Amino acid sequence: QVQLVESGGGLVQPGGSLRLSCAASGSIFSIDAMGWYRQAPGKQRELVVGITSGGSTNYADSVKGRFTISRDNAKNSVYLQGNNLKPEDTAVYYCNANIQTYSRVWSNYWGQGTRVTVSA
């Protein structure tokens, strides 16, 4: 079994910062791409940013220059640093990863989500 567990959500004032963490655990042999998605109320889930195992990144235009993704392969973890947060960043943020288990099966996994609210 594989689990992704996010942490770090909460209430932030406009212009503030937040750091989200996601740790993968379980029967993990290898992790390929990881990423963060978000879903705002009444909207579809969207990609915020993805990162390959080699460190290449792909940011949504709406967060370029404000958000930074990083990963620690030794800890099977991925992080999202958000700066200059805006009310439109309010959403539930989900961690996502393509993981190969010890049975050599690749699957896509989601975390349970962590809520970020940007409000004065």
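Residues numbered from 1 in each chain as written. Predicted model: local features only at pLDDT ≥ 70, side-chain atom pairs only at ≥ 80, totals over all residues. Heavy atoms only, no water.

A. Just empty space enclosed by the protein, in detail. Applying the stated criterion to the full structure yields one cavity of 30 Å³ or more. Taken as a whole, the largest cavity encloses approximately 60 Å³ of empty space. L18, L20, F67, L80, Q81, G82, L85, Y93 and V116 are the residues that line the largest cavity. Per-element accounting of the lining of the largest cavity gives the leading share, three residues, to strand β8 (residues 77–82). Here the lining of the largest cavity is built from residues that sort into seven nonpolar, two polar and no charged. (1 Å grid on protein atoms, 1.4 Å probe; cavity = no way out; pocket = protein on both sides within 12 Å on 5 of 7 lines; lining within 4 Å. Points joined across faces, edges and corners; volume = space filled by probe spheres on them. Helix = DSSP H or I, 4+ residues; strand = E, 2+ residues; numbered from the N terminus. Nonpolar A, V, L, I, M, F, W, Y, C, P; charged D, E, K, R; others polar.)

B. Structural view of the sheet that holds strand β3 (residues 18–26). Strand order in the open sheet formed by four strands is β1-β3-β8-β7, and the pairing between neighbours is antiparallel. Whereas interior strands pair on both sides, the edge strands pair on one side only; in this sheet they are β1 (2–7) and β7 (67–72). Strand-to-strand, the axes of this sheet are offset by a mean angle of 15°, without reference to chain direction. Pairing of β7 with β8, which is carried by six bridges, proceeds in the antiparallel orientation. (Pairing = 2+ DSSP bridges. Axes fitted to C-alpha atoms, helices over the stretch in contact; angles between N-to-C directions.)

C. Looking closely at the pairing of strand β5 (residues 46–51). Inspection of the sheet shows strand β4 (residues 28–39) paired to β5 by five bridges, in the antiparallel sense. Note on β5: the bridge partner recorded for W36 is V49. The loop that links β4 with its antiparallel partner β5 comprises six residues; one of these, G42, has a positive phi angle of about 75°. As paired strands, β5 and strand β6 (residues 57–59) are joined by three bridges and run antiparallel to one another. Looking across to β6, one finds that G50 is bridged to N58.

D. Region of the structure containing the pairing of strand β10 (residues 106–110). As paired strands, strand β9 (residues 91–101) and β10 are joined by five bridges and run antiparallel to one another. Bridged to I99 within β10 is S107. Between β9 and β10, which pair antiparallel in sequence order, lie four residues; one of them, R104, sits at a positive phi of approximately 70°.

E. Main features of the pattern of salt bridges. Evaluation of the coordinates by the stated rule reveals four salt bridges. Taking the shortest distance from any N to any O, the salt bridge between D89 and R66 comes out at 2.7 Å. With D89 in the loop between β8 and β9 and R66 in the loop between β6 and β7, the pair connects residues that are 23 residues apart, well separated along the chain. On the basis of relative accessibility, which here comes to 0%, the residue D89 falls in the buried class. Because the salt bridges share partners, they merge into one network encompassing R38, E46, R66 and D89. (Salt bridge = Lys/Arg side-chain N within 4 Å of Asp/Glu carboxyl O. Buried < 20%, exposed > 50% of the residue type's maximum accessible area, 1.4 Å probe, protein only.)

F. Representation of the environment of A97 in the model. If you trace the backbone, A97 turns up in strand β9. Residues A97 and P41 lie 56 residues apart in sequence; the distance between their C-alpha atoms is 23 Å. Contacts of A97, omitting those with residues within four sequence positions, involve L4, I31, A33, M34, S107, N108 and Y109. (Contact = heavy atoms within 4.5 Å.)

G. A look at the packing of aromatic side chains. Under the criterion given, the structure shown has three aromatic pairs. Taken together, a centroid distance of 5.9 Å and an interplanar angle of 70° make the contact between F29 and Y102 edge-to-face. In this pair, F29 is assigned in strand β4 and Y102 in the loop between β9 and β10, connecting sequence segments 73 residues apart. For F29, a relative accessible area of 42% gives the class partly exposed. Geometrically, the ring pair formed by Y37 and W110 is edge-to-face, given 4.9 Å between the ring centres and 65° between the ring planes. With Y37 in strand β4 and W110 in strand β10, the pair connects residues that are 73 residues apart, well separated along the chain. Taken together, the ring pairs in this structure connect Y37, Y94 and W110 into an aromatic cluster. Above the face of the Y94 ring, R45 is positioned so that its terminal group lies 3.7 Å from the ring centre. The side chain of R104 reaches across the aromatic face of F29, ending 3.7 Å from its centre. (Phe/Tyr/Trp six-rings, centres within 6.5 Å; stacked < 30°, edge-to-face > 60°. Lys NZ or Arg CZ within 6 Å of the ring centre and 35° of its normal.)

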